[in-house]
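Listed below are the residues making up each chain.
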Amino acid sequence: MNYASTRNSALKVTSAHAIVKGLSDEGGLYVPTSIPQFTKDEILAFCDKSYVDRAYDVFSKFLTDFTPAELRHCVESAYNDKNFDTNNIAEISKLRNGRYILELWHGPTCAFKDMALQILPYLLTTSAKKEAGGKHIAILVATSGDTGKAALEGFKDVAGTSISVFYPEDGVSPMQKRQMTTQDGANVNVCAVKGNFDDCQNGVKAIFTDKNIESELLKNNILLSSANSINWGRLAPQIVYYVSVYAQLVKDEEIEYGEKINICVPTGNFGNILAAYYAKLMGIPVNKLICASNSNNVLTDFINTGVYDRNRKFYTTVSPSMDILISSNLERLLYHLSGENDALINDWFGKLKTDGRYEVSADVKAKIGELFYAGCCSDEETKAQIHSTFSEEHYLLDTHSAVAVKVYDDYRKKTGDETKTVIASTANPYKFGRAVYDAVCGGEQPDDEFELIAMLEKATDTKMPAPLAATKDKAVRFTRVVNSADMGRVVLDFLNK
Ligand SMILES: *Cc1c(COP(=O)(O)O)cnc(C)c1O
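Computed from a predicted model, the values in this text were never measured in an experiment.

Engineer: I'm lost on the pattern of salt bridges in this one. Help?
Structural biologist: Side chains bearing opposite charge may pair, as long as their charged atoms lie close to each other. Under the criterion given, the structure shown has 29 salt bridges. In this structure, D309 and R357 form a salt bridge, with 3.8 Å as the shortest nitrogen-oxygen distance. Within this pair, whereas D309 is found in strand β12 (residues 307-309), its partner R357 is found in strand β13 (residues 357-359), the two being separated by 48 residues in sequence. On the basis of relative accessibility, which here comes to 38%, the residue R357 falls in the partly exposed class. Put simply, D347 and K351 hold a salt bridge, and the shortest N to O gap is 3.3 Å. Taken together, the residues D347 and K351, both in helix α15 (residues 342-355) and 4 residues apart, mark about one turn of the helix. On the basis of relative accessible area, D347 is assigned to the partly exposed category, the value being 34%. What makes K351 partly exposed here is its relative accessible area of 34%. When salt bridges with common partners are traced through the structure, they connect K149, E153, K156, D184 and K474 into a single cluster.

Structural data, given as structure tokens:
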């Protein structure tokens with residue numbers, strides 16, 4: 001199995017190369033040159049396998065340059081009951097009307113990014129042995145909250161790696177800040193930056209392109225890398241849970257083998273829903289892929305009109321991990337749907353860069369319409385959904401998952417399609433406790449985060465997950481605040497220790 005670039009289809013690299021590099025030199029994303037297929041017998045065999053074994057089978061189709069022993073090491077190091085609060089890794093909760101909530105937040109940071117970031121460090125160190133002479137991998141992350149914490153938990157104390165995370169001083173929630181500044185591990189570094197998320201991201205980009213920093217680090221056999229969501233090593237792990245949930249629903253006799261399901265995903269950077277598309281291409285029987293957005297509904301408009309236009313107002317919403325106007329992983333979908341036409345991709349994404357806008361061909365637009373349905377909802381609708389799902393079904397949704405449930409319910413009403421539907425739940429409600437409390441109870445809220453959480457626990461008869469509760473008594477380890485111009489210094493100080 002080889003990987004090409006969305007902007008150069010002639011390129012052929014191994015999966016290890018794609019994972020170490022992250023992004024191809026000409027700016028394209030790595031994509032598999034063919035999509036492996038599962039037979040009926042293979043899918044049926046998944047029914048009696050554990051999550052680890054299902055993951056192993058999916059990875060062995062895509063990462064053909066990894067040995068069986070290497071793949072075993074990767075999946076077993078990531079998907080175990082030390083890292084996740086359940087051996088099933090992802091749980092399924094059944095709601096009314098054929099809706100199955102796929103809970104992707106049983107990992108150490110209580111958000112779905114753990115599903116990929118728990119395994120990425122192992123995929124990356126294994127790849128670096130093959131591709132980069134076993135250099136020490138120094139990860140840099142700019143984060144607006146969830147990714148930074150998930151990357152810290154994934155990389156902490158993984159041999160051969162270290163990680164530096166930068167977050168905007170006033171741009172993350174109090175819980176997210178606590179989660180990061182109390183992070184343990186000997187190879188981790190966390191630093192606040194004066195400014196917003198863009199300042200952090202620009203600072204990280206500047207470090208990556210700084211030749212002095214690069215040569216100084218290379219002297220010490222250190223290679224900089226990123227844990228960015230466009231890395232193939234983050235996408236491949238997300239395919240696993242869609243294959244796995246199908247097998248599990250067959251095993252649980254909720255569906256019969258061959259019966260199609262819909263998959264609905266609360267979408268930001270288009271990584272999670274793209275993984276569902278790959279699962280469909282691999283032979284998992286999928287009817288519609290339902291793309292759910294909040295008020296930043298650039299994808300809703302794109303899927304419905306074929307015009308991608310980022311020139312619009314940016315909204316700060318109660319589902320902040322979906323507050324995105326450029327959905328990077330969409331490039332992979334368009335590459336596949338355009339018949340791997342790298343010239344078209346260069347044209348469209350060039351226009352996105354210069355004009356903030358592009359329009360796909362009628363043929364690609366039609367294919368998107370066949371595969372996808374798209375919808376969006378406001379913060380008010382999101383909160384109303386949390387409220388009604390809790391009061392009617394006693395199930396507590398987080399703000400992101402509520403967007404997906406709302407958009408799905410609208411879809412079902414509008415189309416009358418009663419196909420059973422898997423709805424991806426991307427965060428535990430306690431991660432976004434204030435908005436969830438407001439939705440369920442309303443009224444005044446205390447300033448103290450843990451006081452608020454105690455109120456939410458009492459009102460809903462649910463429990464805050466252990467990893468969030470644990471931050472309460474942990475000491476703050478990281479207090480440094482810098483200007484974005486000084487981020488390079490922070491990285492060098494940390495790595496030359
Ligand atoms: C990152 C994130 C999303 C968006 O996922 P994409 O793969 O970027 O589409 C949705 N919900 C939560 C809670 C997230 O952290």
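Back to the write-up after that little detour.
Engineer: I keep staring at the sheet that holds strand β11 (residues 286-293) and nothing clicks. Help me out?
Structural biologist: Within a sheet, each strand pairs with its neighbour through backbone hydrogen bonds, oriented either parallel or antiparallel. Read from one edge to the other, the open sheet built from 6 strands follows the order β4-β5-β15-β10-β11-β14, with strand pairing classed as mixed. Sheet topology places β4 (91-95) and β14 (372-376) at the edges, where each strand pairs with a single neighbour. Mean inter-strand twist for the sheet, computed between neighbouring axes without regard to direction, equals 25 degrees. With 3 bridges joining them, strand β10 (residues 261-266) and strand β15 (residues 421-425) adopt parallel strand pairing. In the sheet register, I263 faces β15, and the bridge partner there is V422. Sheet strands in contact with helix α11 (residues 232-251) are β4, β5 (99-103), β10 and β15, and its direction is about 135 degrees off that of β5. Strands in contact with helix α18 (residues 399-415) are β5, β10, β11, β14 and β15; relative to β11, the strand with the most contacts, it is inclined by about 125 degrees.

Calculation rules
Residues numbered from 1 in each chain as written. Predicted model: local features only at pLDDT ≥ 70, side-chain atom pairs only at ≥ 80, totals over all residues. Heavy atoms only, no water. Salt bridge = Lys/Arg side-chain N within 4 Å of Asp/Glu carboxyl O. Helix = DSSP H or I, 4+ residues; strand = E, 2+ residues; numbered from the N terminus. Buried < 20%, exposed > 50% of the residue type's maximum accessible area, 1.4 Å probe, protein only. Pairing = 2+ DSSP bridges. Axes fitted to C-alpha atoms, helices over the stretch in contact; angles between N-to-C directions. Contact = heavy atoms within 4.5 Å.

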